[in-house]
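Secondary and tertiary structure notes
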Amino acid sequence: MNPPQPRPKAVPSGPKSLKAALRLTWDFLFHKPADTRPDQPIPVAPLTRAALDAAPDYSLWRLGHSTVLLKLEGRFWLTDPVFGERASPFRHLGPRRFHAPPIALAELPPLEAVILSHDHYDHLDKSTIKALARSARHFVAPSGVGDLLADWGVARERIHQLGWWESIQISGLTLVATPAQHFSGRGLGDANRRLWCSWVIQSPRAKLFFSGDTGYFDGFRAIGERHGPFDLTLMEAGAYDERWAAVHMLPHQTLQAHLDLGGRRLLPIHNSTFDLAFHRWSDPLEQLSQLAPAQGITLLTPIIGTRLDVLAPEPTTAWWRQPAPEGARGGASCGIFKPGRLCSR
C-alpha cells in the first residue's frame, strides 16, 4: 500500500520582482554569451533500428537532453522524448537543438513505455507524443500530465498517471513516481496544475533513478532511504543558474544528490542539446568531470547515440573537449532540420 502523498509545493522558479524579470529577459535576448552554443557540430553516433534490435539486454542510449532509450528485460523504454527541432510552443522561435537525434523517430523500435517527468517543452514535445501515440504500449506520467496526452490523441487505456510514491508494474519493471523540487506549466494560465516527479526504475537485475528536473532538496535522501541504493542515476546537470537554483541543480548539487540517493554510477542528462541558460554549453560535463573524482563518484559521459552497458559500463571519454570525429557529426541520420519538422524520415 502506498503511503500518503505529500502535497507538492510550488517553489520560486524565476526572478522575485518585475524589475529582475525584465532584466533577465533582456539578458536572454541581448547578452547571452557566445559559448552557450557549440561553435562546431558536437559528436553524435548515428543509430539504426537494426543496431538497437541486435544490442544486448540492459543497454542504454542517450538520445539528447533528457531523452534516454533503455533496453531492459527485452523491451524498450523511453524517457522524456523530445525529437522536435525546438523546445518551444512556437515553430520558429525558442531554443533550437544543437544536434539532430541519433535516430529518426520513425525508426524507433516498438516501445513498452514512455516515462514522463513533467510538462515543460524540453521534456514533453507534442509532435513527438502524437507520433508515438499508437506505437508505444504505455505512457507513464505524473498526475495531470496524462490528461494532456489524451488531448493529443493517446488512448486513455494506455495512460497511467501517478502521484508521488505511487508505483506501477509493467512487464517486469516497477516504476515509482518520486518527489522532485520543480514546477509545471506550458502557458500563462496553467501554472502548477500538473504534477512533476522523478522516477525509480527497478528491474530484476538493476535499479535506476531518473531525476527529471529538480533543484537540490532533502527529498533525495528520503528517496535513497526508501528505494536506494541505485546502480545508475540519470541526473539533471544543465540549464542551471544561481538565480533559479531552487528548481535546477548546480553541478556540485547534482553530485551531492547522487550521493544522497546511494548511487553507484552517475550519468548526467539535461545538457548538450538546448541552449537554456547562460553557462558555456559544455560547462556541466566539464565541472562534473573535475569534481566527481574527489568524491569517489564514477561519472559516465557517453557520446550521444553510443551504447552504454547498464550493468558493466566501459569508461567513457571527455568528448566535449575534442572535435567531432568523422562519421559522428551532428546526428547525420536525420539530416538537416527544417523549421517545425520532426527529426523523422
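Note that the coordinates shown come from a computational prediction; the quantities given were computed from them, not determined experimentally.

Let's shift gears to the sheet that holds strand β13 (residues 298–299). Strand order in the open sheet formed by seven strands is β7-β8-β9-β10-β11-β12-β13, and the pairing between neighbours is mixed. At either margin of the open sheet sits one strand with a lone partner, and together these are β7 (167–170) and β13. Note that β7 and strand β8 (residues 173–178) share four bridges and pair antiparallel. Note that in β8 the partner of I170 across the bridge is L173.

Take the side chain of S59 next. Secondary-structure assignment places S59 in strand β1 (residues 59–64). Overall, the relative accessible area of 0% leaves S59 in the buried class. A polar atom in the side chain of S59 sits 2.8 Å from the side chain of R307. Not counting the four nearest positions on each side in its chain, S59 is found in contact with L69, L70, K71, R307, L308 and V310.

Moving on, we come to the sheet that holds strand β5 (residues 138–142). An order of β6-β5-β4-β3-β2-β1-β14 is seen for the seven strands of this open sheet, with the pairing classed as mixed. Across the chains shown, the open sheet's two edge strands, defined by having one partner strand only, are β6 (159–162) and β14 (307–309). Neighbour-to-neighbour, the strand axes of this sheet turn through a mean angle of 20 degrees, independent of strand direction.

Turning our attention to the packing of aromatic side chains. Each pair of aromatic rings is reported with the distance of its centres and the angle of its planes. Taken as a whole, this structure holds nine aromatic pairs when the rule is applied. Ring plane angle 80 degrees and centroid distance 6.5 Å describe the contact between W164 and W196, whose orientation is recorded as edge-to-face. With a gap of 32 residues between them, W164 in the loop between β6 and β7 and W196 in the loop between β8 and β9 (198–202) connect regions that are remote in the sequence. As far as the burial class goes, W164 and W196 line up, both buried. An aromatic cluster is built from F209, Y216, F217, F220 and F230, whose rings are joined through pairwise contacts. Note that K32 overlies the ring of F278, its terminal NZ or CZ placed 5.7 Å from the centroid. The cationic tip of R205 hangs over the ring face of Y58; the distance from NZ or CZ to the ring centre is 4.7 Å.

Bringing the environment of L208 into the picture now. With respect to the secondary-structure elements, L208 resides in strand β10 (residues 207–210). Considered as a pair, L208 and R264 are 56 residues apart in the sequence and their alpha carbons are 9.9 Å apart. Every residue in contact with L208, bar those within four places of it in the chain, is listed here: L70, W199, V200, I201, F230, L232, L234 and V310.

A few words on the pattern of salt bridges. The tally for this structure, following the rule as stated, stands at 12 salt bridges. The salt bridge involving R75 is made with E112; its shortest N-O contact spans 3.5 Å. One end of the pair, R75, is in strand β3 (residues 75–79); the other, E112, is in strand β4 (residues 111–115), with 37 residues separating them in the sequence. Across the salt bridge formed by D190 and R194, the nearest N and O atoms sit 2.8 Å from each other.

Before going further, it helps to examine the environment of L308. On the secondary structure map, L308 appears in strand β14. Classification of L308 by relative accessible area gives buried; the value is 3%. Sequence separation between L308 and Y58 is 250 residues, and the spatial gap between their C-alpha atoms is 8.6 Å. Leaving out residues up to four positions away in the same chain, L308 has contacts with Y58, S59, L60, L267, L300, P313 and T316.

If you trace the backbone, H65 turns up in the loop between β1 and β2 (67–72). H65 sits in the buried class, given a relative accessible area of 2%. Residues in contact with H65, not counting those within four places in the same chain, are D122, H123, I269, H270, N271, T273, F274 and L276.

Examined against the element boundaries, G212 turns out to sit in the loop between β10 and α5 (219–227). Given a relative accessible area of 0%, G212 falls into the buried group. Considered as a pair, G212 and P179 are 33 residues apart in the sequence and their alpha carbons are 10.0 Å apart. Not counting the four nearest positions on each side in its chain, G212 is found in contact with S117, C197 and E236.

Reading the values: the criteria
- Residues numbered from 1 in each chain as written.
- Predicted model: local features only at pLDDT ≥ 70, side-chain atom pairs only at ≥ 80, totals over all residues.
- Heavy atoms only, no water.
- Pairing = 2+ DSSP bridges.
- Helix = DSSP H or I, 4+ residues; strand = E, 2+ residues; numbered from the N terminus.
- Buried < 20%, exposed > 50% of the residue type's maximum accessible area, 1.4 Å probe, protein only.
- Polar contact = N/O pair within 3.5 Å; in protein donor to acceptor, adjacent residues only side chain to side chain.
- Contact = heavy atoms within 4.5 Å.
- Axes fitted to C-alpha atoms, helices over the stretch in contact; angles between N-to-C directions.
- Phe/Tyr/Trp six-rings, centres within 6.5 Å; stacked < 30°, edge-to-face > 60°.
- Lys NZ or Arg CZ within 6 Å of the ring centre and 35° of its normal.
- Salt bridge = Lys/Arg side-chain N within 4 Å of Asp/Glu carboxyl O.

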